[in-house]
Amino acid sequence: QLQLVESGGGLVQPGGSLRLSCVASRFTLKHFTIGWYHQAPGKERERVSCISRSGGNTDYADSVNGRFTISRDNNKNTVFLQMNALKPEDTGDYYCAASTNSECWGTFGWWGPGTQVTVSS
């Protein structure tokens, strides 16, 4: 019965920044490993970033390493994805997903509906 909802997407110019949020209801996110996925138009979903359930370990795709930062705020039951130096190739839908696995990445059984990001001048 875990529910996930993403927010924070929008239109930004290349080089700009966005902060995406993934908020959980009914269950606390501290019990879950959380991953962020990106799906560009016409392409398959790909891994972006992941944060482990309890250890604070994180992982990033090579394409976003150094530009994106994943973090967790258990008091707000929220996981964030800070996206800086955005590129047009970052355009697409972003999804957060939850796994009962203790470490990245595992199998994600719960998904949010997604939020759209457009990077264009």
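Above this text you will find the structure in question.
These lines cover the structure that appears in this document, whether it is placed above or below.

1. A closer look at the sheet that holds strand β7 (residues 68-73)
Backbone hydrogen bonds are what pair the strands of a sheet, in a parallel or an antiparallel way. Pairing is antiparallel across the open sheet formed by four strands, whose spatial order is β1-β3-β8-β7. Edge positions in the open sheet fall to β1 (3-7) and β7, since each of these has one partner strand only. Going from strand to strand, the sheet's axes swing by 15° on average, the running direction of each strand aside. Relative to strand β8 (residues 78-83), β7 runs antiparallel, the two being bridged by six bridges. Across the sheet, the residue bridging to D73 is T78, located in β8.

2. Some remarks on the environment of S54
Within the fold, S54 resides in the loop between β5 (46-51) and β6 (58-60). For S54 and C22, which are 32 residues apart along the polypeptide, the C-alpha to C-alpha distance reads 17 Å.

3. Re the nonpolar core
With 26 residues, the main nonpolar core has W36, L81, M83 and Y94 as its most contacted residues. When residues of this core are traced back to their parent elements, those giving at least two are β3 (18-25), β4 (33-39), β5, β7, β8, β9 (92-99) and β11 (115-119). The dominant element in this core, judged by the number of residues it contributes, is β3, at four residues. Contact partners of L81, with chain neighbours within four places excluded, come to L18, R19, L20, W36, V48, S49, F68, T69, I70 and Y94. Judged by nonpolar contacts, the second largest core, of five residues, contains C50, A97, W105 and F108.

4. Observations concerning the packing of aromatic side chains
Given two aromatic rings, their pairing is described by the distance between the two centres and the angle made by the two planes. According to the stated counting rule, one finds six aromatic pairs in the structure shown. Arranged with centres 5.8 Å apart and planes meeting at 75°, the rings of Y37 and W105 form a pair that is edge-to-face. Of this pair, Y37 sits in strand β4 while W105 sits in the loop between β9 and β10 (110-111); the two residues are 68 residues apart in sequence, bridging distant segments of the chain. The pair Y37 / W105 is uniform in exposure class, with both members buried. Note on Y37 and F108: the rings are 5.7 Å apart at their centroids and 80° apart in plane angle, and the pair reads as edge-to-face. Separated by 71 residues along the polypeptide, Y37 in strand β4 and F108 in the loop between β9 and β10 bring together distant segments of the chain.

5. Some points on the pairing of β9
The buried fraction of β9 amounts to seven of the eight residues, a majority that puts the element mostly inside the structure. Where β4 meets β9, seven bridges bridge the pair, whose relative direction is antiparallel. Looking at the pairing, T33 lines up with S99 of β9. Two strands pair when backbone bridges link them, and β9 and β11 are joined in this way by three bridges, in the antiparallel orientation. For D93, the partnering residue across the bridge sits in β11 and is Q116. Of the strand pairs in this sheet, β9 and β10 are connected by two bridges, and their pairing is antiparallel. The partner of A97 across the bridge, within β10, is W111.

The rules behind these values
Residues numbered from 1 in each chain as written. Predicted model: local features only at pLDDT ≥ 70, side-chain atom pairs only at ≥ 80, totals over all residues. Heavy atoms only, no water. Pairing = 2+ DSSP bridges. Helix = DSSP H or I, 4+ residues; strand = E, 2+ residues; numbered from the N terminus. Axes fitted to C-alpha atoms, helices over the stretch in contact; angles between N-to-C directions. Core = buried A, V, L, I, M, F, W, Y, C linked by side-chain atoms within 4.5 Å. Buried < 20%, exposed > 50% of the residue type's maximum accessible area, 1.4 Å probe, protein only. Contact = heavy atoms within 4.5 Å. Phe/Tyr/Trp six-rings, centres within 6.5 Å; stacked < 30°, edge-to-face > 60°.

Keep in mind these numbers describe shape, not what the thing actually does.
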